Amino acid sequence: MPLKRFLTACLMIVSCGAAVASCGTLGASLPPVEDLRVQPKPEPSDEVLTSRIAGELHDNAVEAWGEAGWAQVGRLCRFFDEMGMKGLDCPAPDASPRPG
């Protein structure tokens, strides 16, 4: 009978290991915390009204803010797509490195 107890114990250990290995996320890694924060839109300075260069710099800042926002939406879309949400049409990941 000691062999039967040993085999039962081994079977329980293996089944517990399989149960622990199956715990975790559903295959999707959590999005970074930065993706859950709303970035404020760049505010124009007073110089924007009088300086062409300041206006262009502000336009560039607004353009970068918009591009970063759409990249953020794409990352969140892909996260929810991996989680199994239906009806999403997510953009492909951007190959360029993210600003950090």
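About the cut-offs
Residues numbered from 1 in each chain as written. Predicted model: local features only at pLDDT ≥ 70, side-chain atom pairs only at ≥ 80, totals over all residues. Heavy atoms only, no water. Helix = DSSP H or I, 4+ residues; strand = E, 2+ residues; numbered from the N terminus. Contact = heavy atoms within 4.5 Å. Patch = residues over 30% accessible without salt bridge, like charges linked within 9 Å, V, L, I, M, F, W, Y side chains within 5 Å. Areas by Shrake-Rupley, 256 points an atom, 1.4 Å probe, with all protein chains shown as cover. Salt bridge = Lys/Arg side-chain N within 4 Å of Asp/Glu carboxyl O. Lys, Arg positive; Asp, Glu negative; His and termini not counted. Charge placed at Lys NZ, Arg CZ, Asp CG, Glu CD. Buried < 20%, exposed > 50% of the residue type's maximum accessible area, 1.4 Å probe, protein only. Disulfide = S-S within 2.5 Å. Phe/Tyr/Trp six-rings, centres within 6.5 Å; stacked < 30°, edge-to-face > 60°.

Our next topic: the overall build of the protein chain. When helices and strands are counted, the protein chain shows 2 helices and 0 strands. Taking the contacts inside the protein chain whose residues are at least 6 apart along the sequence as the reference set, 51% of them involve residues at least 24 apart.

Next up on the list: a negative patch on the surface. Among the surface-exposed residues, Asp 59, Glu 63, Glu 67 and Asp 94 lie close enough to one another that they form a single negatively charged patch. Relative to the assigned elements, Asp 94 resides in the segment after helix 2 (52-82). With relative accessibility at 60%, the residue Asp 94 sits in the exposed group.

Moving on: the state of the cysteines. Linking two cysteines covalently via their sulfur atoms produces the bond known as a disulfide. For the coordinates displayed, the defined rule picks out 1 disulfide. Linked covalently through their sulfurs, Cys 77 and Cys 90 form a disulfide whose S-S length is 1.9 Å. Looking along the S-S bond of the Cys 77-Cys 90 disulfide, the torsion reads about -80 degrees, which is the left-handed sense. With Cys 77 in helix 2 and Cys 90 in the segment after helix 2, this residue pair connects regions lying 13 residues apart in the sequence. With a relative accessible area of 16%, Cys 77 lands in the buried category. Looking at Cys 90, the relative accessible area reads 21%, which means it is partly exposed.

A separate point is the packing of aromatic side chains. The full count for this structure, using the stated rule, is 1 aromatic pair. With a centroid separation of 5.0 Å and 75 degrees between ring planes, the pair formed by Phe 79 and Phe 80 is classed as edge-to-face.

The next point concerns the side chain of His 58. Mapped onto the elements, His 58 comes out in helix 2. By relative accessible area, His 58 is classed as buried at 16%. When neighbours within four sequence positions are excluded, His 58 is seen to be in contact with Pro 42, Glu 43, Pro 44 and Val 48.

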